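What the coordinates show
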Amino acid sequence: MGFGMTETPPTQEPAITRFAPSPNGQLHLGHAYSAVFAHDIAKETGGAFLLRIEDIDGDRALPELIDQYRRDLEWLGLEWDEVPSQSGRLAKYDVAAQDLVARGLLYPCSCTRKEIQAIEPRIGGDGISYPGSCKGQHHDPAKPAALRLDIDKAMREVGELVWTDEVAGAVIADPREFGDVVIVRKDVPASYHLAATLDDAADGVTLVTRGADLFSSTHIHRVLQELLKLPVPHCHHHVLLLDDDGKKLAKRRGSPPLAERRMRGDDGLMLAEQLRLHKLKGGNFSE
Ligand code: GLU
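Residues numbered from 1 in each chain as written. Predicted model: local features only at pLDDT ≥ 70, side-chain atom pairs only at ≥ 80, totals over all residues. Heavy atoms only, no water.

Where helix α1 (residues 29–44) meets helix α9 (residues 268–281), the closest approach of the two axes is 10 Å, and the angle between their N-to-C directions is 75°. The angle between α1 and α9 falls in the class roughly perpendicular. Listed contacts from α9 to L29, A32, Y33, V36, F37, H39 and D40 of α1 are L271, A272, L275, R276, H278 and K279. (Axes fitted to C-alpha atoms, helices over the stretch in contact; angles between N-to-C directions. Helix = DSSP H or I, 4+ residues; strand = E, 2+ residues; numbered from the N terminus. Parallel < 35°, antiparallel > 145°, perpendicular 65-115°, else oblique. Contact = heavy atoms within 4.5 Å.)

Here you go:
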């Protein structure tokens, strides 16, 4: 255990970290790396490691997977405290969203993905970047709508913001590549950005650890923290596991899910140790 040159956390305070999977598929090696990463920082600093199930992804969330996740984490030898799943927190998301609505920071948008693609097929950190066509327009209340953040107005309100990544250092929040991002979805009273930001604050998370692929989401989260007067955790965006060809390890590339490894009798503790070693060495991950 310990930290090497590639993933060195200067954090000495007891760190409250979390692993926050969305139950829409089985856990894979990349998830195991993330979980071990967050777990070890918490344990080594005398903090706490939390498990939060991010199950607001509509029909993609599969409840039967959640128990499997717990068994996977146990198999890796991890210990955690479980905090409430996102589906149990919808009322809190709604309160925060209504506050933003009352301040004129959100506006309804009933555009479909197809319509947005037709207007501006620019890809930002969150997929297609929205050009703001519904802003200031009359909205038919009978039509289902998402609520989007008026990012220009939000930035005027909060001014320049900085967040700290333990690898990248001080980062100036630059959320504009997202366009007017969705804060409340058509089907649930939150998007990932709103839910994760509120939950990290409610759960007392002091160090948000997640893969480098989510780095740019943190720009939005920082703006939401400021708008909603939430504490600002440090972040550590860790490297993604790459296979021998330097490609991101993913299920389509034939890496068996953790549950399959567990059920065929692989040693989870050994896998966790391999991942720790990888954290020290960096480079590609060979099994
Ligand atoms: N629920 C997200 C996922 O499974 C993780 C988000 C986060 O760590 O902030 O990708």
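A few words now on the sheet that holds strand β1 (residues 16–19). Here we have three strands laid out as an open sheet, ordered β1-β2-β3, and parallel in their pairing. The sheet is open, and its two edges are formed by β1 and β3 (81–82), each paired on a single side. Bridge analysis of strand β2 (residues 48–51) against β3 gives two bridges, and the strand direction is parallel. From the neighbouring strand, L51 faces β3, where its bridge partner is E82. (Pairing = 2+ DSSP bridges.)

When pLDDT is averaged along the protein chain, the result is 89, and 88% of the positions lie at 70 or above. Residue range residues 1–6 is modelled with pLDDT below 50. Its contacts to residues more than four positions away, or to other chains, number 18 contacts. (pLDDT = per-residue confidence, 0-100.)

What follows deals with the nonpolar core. Formed by 38 residues in total, the largest nonpolar core has its most connected members in L100, L149, I183, L194 and L227. If you list the elements that add at least two residues to this core, you get β2, α3 (90–102), β7 (146–149), α5 (151–158), β10 (182–184), α6 (192–202) and α7 (217–227). F19, F49, L271 and A272 belong to the second largest nonpolar core, which has 30 residues in total. (Core = buried A, V, L, I, M, F, W, Y, C linked by side-chain atoms within 4.5 Å. Buried < 20%, exposed > 50% of the residue type's maximum accessible area, 1.4 Å probe, protein only.)

Using the criterion set out here, one finds 21 salt bridges in the structure. When the shortest N-O distance is used, the salt bridge between K279 and D40 registers 3.8 Å. In this pair, K279 sits in helix α9 while D40 sits in helix α1, placing the two residues 239 residues apart along the sequence. Classification of K279 as buried rests on a relative accessible area of 2%. For R89, the salt bridge goes to D199, with nearest N and O atoms at 3.2 Å. Linking R89 in the loop between β3 and α3 with D199 in helix α6, this pair joins segments that are 110 residues apart in sequence. Put simply, R18, R52, E54, R89, D199, D200 and D203 are held in one network by salt bridges that share partners. (Salt bridge = Lys/Arg side-chain N within 4 Å of Asp/Glu carboxyl O.)

The subject of this paragraph is the side chain of H278. Mapping H278 onto the fold places it in helix α9. When its relative accessible area of 5% is taken as the criterion, H278 is described as buried. When sequence neighbours within four positions are dropped, the list of residues in contact with H278 reads Y33, L241, G283, N284 and F285.

Spanning 16 residues, α1 covers 22 Å between terminal C-alpha atoms, matching the ideal 22 Å at 1.5 Å per step. The element α1 is largely enclosed, with a buried count of 12 among its 16 residues. When we look at burial in α1, the residues that qualify are L29, A32, Y33, S34, A35, V36, F37, A38, H39, D40, I41 and A42. Directly beyond the C-terminal end of α1, a positive phi value near 75° is found at G46. (Expected span 1.5 Å × (residues − 1).)

With that settled, consider the site of the ligand. Neighbouring the ligand are R18, A20, P21, S22, E54, Y192, R210 and L214. In this structure, a nitrogen atom belonging to the ligand sits 2.9 Å away from a side-chain N or O atom of S22. E54 places a polar side-chain atom, nitrogen or oxygen, 2.6 Å from a nitrogen atom of the ligand. Calculation on the ligand without its partners gives an accessible area of 300 Å², and the protein chains cover 76% of this total. Counted by class, the shell around the ligand contains four nonpolar, one polar and three charged residues. (Near = heavy atom within 4 Å. Polar contact = N/O pair within 3.5 Å; in protein donor to acceptor, adjacent residues only side chain to side chain. Areas by Shrake-Rupley, 256 points an atom, 1.4 Å probe, with all protein chains shown as cover. Nonpolar A, V, L, I, M, F, W, Y, C, P; charged D, E, K, R; others polar.)

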